[in-house]
Amino acid sequence: MKFQELKKNLASTLPNLFFIKGEDAFLRDKAVEMIKNKAVTLKELNVICFDDESTDMVSIINSCRSLPMMDEHKVVVLKNLAIKKAEELAPLVQYASSPVETTILVIVASENVSLYKKFEEKAVVVDCSYLDSIMLSKLIVTELARHSVQINQDALSALIEYCNYDYTRINNEVIKLSNFVGEGQVISLDIVKQNVTKDVEYDIFEFTNAVSKRDGKNAIQIVKNLLMKKEPPIKLLVLIHNSFRRMFFSLSTTADNETIAKELGTKPYAIKIAREQGANFGVAKLKKFM
């Protein structure tokens, strides 16, 4: 299920096994917090977190098999496991075949997700990938309302794009902007431009957009600005190459944006933009560039 579906699902059921994955660290942590809030009342007694790469499987399994203290459930959370081979996860996969009824086991994986495949097949999967602009907009507006602050639509769009759809960073910027403008105020586009640093990938988007429109002066200025920010030239070359690669593959297939995004490890919105930009070049030119 998607992260945004978790709250509704927890209202009706509480599975014993969860597998949380996806790029957004804030959403991963939020999902864990929602599960803990649903499962236990006495968190200090019934939430055990393993966030240490040296933790052995025996300790984990023992924790999963022990009973909760003065509560209906206990939650065992596993993060940053030092798993290099799928076989190392065998004890947890075996446990997952017959989990303790009172234990909620939550595995959080930010990388090497494929190694957890056998456990994932037995668990409820929570996808914490970057959210689309519609869901992000709702979350931002809701969070700002808690601070009695509003935001203009153009400022909202810019905030999302500047932060490259990363809600971890967006949330930090929302708090900063709320404190900056104060209660009862409105965040404008100018305020976002003046106070939110653009993600380097957004600058690359502006660069490729300038190139696609044959605006060489602007394209060169963007690169100069990035170099002034001490961005490594080799990093910029890699990002520019990835941008043109994305355009080429997006135009070379009739698959939908979501399918291509999954194949290229990016967001559907990025594919939408890539197709729009790539249309200014055409497949033949993009292939030549590649």
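In what follows, the structure referred to is the one given above.
Everything numeric here is computed off the predicted structure, so don't read it as measured data.

## Some points on the pairing of strand β3 (residues 74–79)
Among the 6 residues that make up β3, 5 are buried, leaving the element largely enclosed by the rest of the structure. In this structure, strand β2 (residues 47–50) lies alongside β3, joined through 4 bridges in parallel fashion. For Ile-48, the partnering residue across the bridge sits in β3 and is Val-76. As paired strands, β3 and strand β4 (residues 103–109) are joined by 6 bridges and run parallel to one another. Among the inter-strand pairings, Val-76 is bridged to a residue of β4, identified as Leu-105.

## Some thoughts on the side chain of Asp-24
With respect to the element layout, Asp-24 can be found in the loop between β1 (17–21) and α2 (25–39). Setting aside residues no more than four positions away along its own chain, Asp-24 makes contact with Cys-128, Tyr-130, Tyr-165, Asp-166, Tyr-167 and Thr-168.

## Some points on the packing of helix α4 (residues 57–65) against helix α5 (residues 90–97)
Closest axis-to-axis distance for the α4/α5 pair is 10 Å, and the angle between their directions is 15°. Overall, the two elements α4 and α5 adopt an arrangement that is roughly parallel. Note that α4 runs across α5; the crossing there is right-handed. Facing α4, whose interface residues are Met-57, Ile-60, Ile-61, Cys-64 and Arg-65, α5 presents Pro-91, Leu-92 and Tyr-95. For the contact of α4 with α5, a count of residues per class yields 7 nonpolar, no polar and 1 charged.

## Some remarks on the environment of Thr-41
Relative to the elements of secondary structure, Thr-41 occurs in the loop between α2 and α3 (43–46). In this structure the C-alpha to C-alpha distance between Thr-41 and Glu-72, which are 31 residues apart in sequence, comes to 8.4 Å.

## Regarding the side chain of Asp-71
With respect to the secondary-structure elements, Asp-71 resides in the loop between α4 and β3. Polar contacts involving the side chain of Asp-71 include one to the main-chain amide nitrogen of Leu-42, which spans 2.8 Å. If sequence neighbours within four positions are ignored, Asp-71 has contacts with Val-40, Thr-41, Leu-42 and Asn-46.

## Some details on the layout of surface pockets
In this approach the atoms are scanned with a rolling probe the size of a water molecule, which exposes any empty space left behind. Of the voids in this model, the largest pocket is the one considered here, and its volume is about 970 Å³. When residues of the lining of the largest pocket are traced back to their parent elements, those giving at least two are α1 (3–10), β5 (124–127), α7 (133–146), α14 (257–264) and α15 (268–278). Here the element with the most residues in the lining of the largest pocket is α7; it accounts for 4 residues. The residue makeup of the lining of the largest pocket, split by class, is 13 nonpolar, 7 polar and 9 charged.

Parameters at a glance
- Residues numbered from 1 in each chain as written.
- Predicted model: local features only at pLDDT ≥ 70, side-chain atom pairs only at ≥ 80, totals over all residues.
- Heavy atoms only, no water.
- Buried < 20%, exposed > 50% of the residue type's maximum accessible area, 1.4 Å probe, protein only.
- Helix = DSSP H or I, 4+ residues; strand = E, 2+ residues; numbered from the N terminus.
- Pairing = 2+ DSSP bridges.
- Contact = heavy atoms within 4.5 Å.
- Axes fitted to C-alpha atoms, helices over the stretch in contact; angles between N-to-C directions.
- Parallel < 35°, antiparallel > 145°, perpendicular 65-115°, else oblique.
- Left-handed = near helix turned anticlockwise from the far one by under 90°.
- Nonpolar A, V, L, I, M, F, W, Y, C, P; charged D, E, K, R; others polar.
- Polar contact = N/O pair within 3.5 Å; in protein donor to acceptor, adjacent residues only side chain to side chain.
- 1 Å grid on protein atoms, 1.4 Å probe; cavity = no way out; pocket = protein on both sides within 12 Å on 5 of 7 lines; lining within 4 Å.
- Points joined across faces, edges and corners; volume = space filled by probe spheres on them.

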